[in-house]
Amino acid sequence: MKQFKTLLIAVSIILGGMLSANAQDSKVAHIATQELIESMPEYQAAMSQLEKLQNTYTSDIDDLMKEAQNKNKQYQAEASTKTDEENAARAQELQATQQKIMQYRQNAQQELQKKENELIRPILEKARTAIQKVARQNNYDYVLDSTTGTGVILADGYNLMNDVQKELGI
């Protein structure tokens, strides 16, 4: 029984040494993925496209708001010459217009989010593929995201940024 314990301890020490030796052989690199993505021409084009779409929606909403304000001013100016029923109907009409504007604003936000996801997804995939390709070419086992706020506090290892940008032709 004593020999079995000794054998078990010896095997544990050997396995532990092998595992730590394997862990030391792992190569780790880092890259700031957000910086990489923002440096890609496709990202700049996507952001430009989203900005144009947002400006269109903002302009449409502003026009609707001005139209509602003008109608409100007109109704207030004419309120004394109208019956209570007409004024109540006009108030309901203005409320319905405000609700339509709010609904349009919500739909615009949803469409912008959908369009952003549609435009950004292929860019993210292209960046991820390039990072994987460069990491495999250089035999890195792990690549950490060193973008500020992602949890990597110190990144003194190899930075893949230049290699990945070269791979992407940036």
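Looking at an unreviewed UniProt entry, the protein carries the name OmpH family outer membrane protein, with the source organism given as Haloflavibacter putidus. Among the UniProt annotations of the protein, the heading Sequence similarities (unreviewed entry) holds the following wording: "Belongs to the Skp family."

In this section: the overall build of the protein. Looking only at helices and strands, one finds five helices and three strands in the protein. In the protein, the order of α-helices and β-strands from amino to carboxyl end is α-β-α-α-α-β-β-α. For the protein, the proportion of its 170 residues judged to be buried stands at 21%. The contacts of the protein with a sequence gap of at least 6 include a subset with a gap of at least 24, amounting to 83%. For the protein, the accessible surface area stands at approximately 12600 Å², while carbon and sulfur atoms represent 52% of it.

Pairing of strand β1 (residues 28-31) with strand β2 (residues 142-145) involves four bridges; the strand directions are parallel. Across the sheet, I31 pairs through a bridge with D145, a residue of β2. When β1 meets strand β3 (residues 158-159), the two strands line up parallel, connected through two bridges. Paired with A29 across the two strands is Y158, which belongs to β3.

Those residues of helix α5 (residues 161-168) not exposed but buried are M161, V164, Q165 and L168. The buried residues of α5 occupy an angular sector of 100° when the element is viewed end-on, so they sit on one face. Opposite the buried face of α5, by more than 90 degrees, sit the exposed residues N162 and K166. Buried residues in α5 make contact with β1, α2 (33-39), α4 (84-137) and β3. Following α5 by one or two positions, G169 adopts a phi angle in the positive range, close to 75°.

About the criteria used
Residues numbered from 1 in each chain as written. Predicted model: local features only at pLDDT ≥ 70, side-chain atom pairs only at ≥ 80, totals over all residues. Heavy atoms only, no water. UniProt positions renumbered as here; feature names shortened; annotations may be inferred. Helix = DSSP H or I, 4+ residues; strand = E, 2+ residues; numbered from the N terminus. Buried < 20%, exposed > 50% of the residue type's maximum accessible area, 1.4 Å probe, protein only. Contact = heavy atoms within 4.5 Å. Areas by Shrake-Rupley, 256 points an atom, 1.4 Å probe, with all protein chains shown as cover. Pairing = 2+ DSSP bridges. Arc of directions from axis to C-beta.

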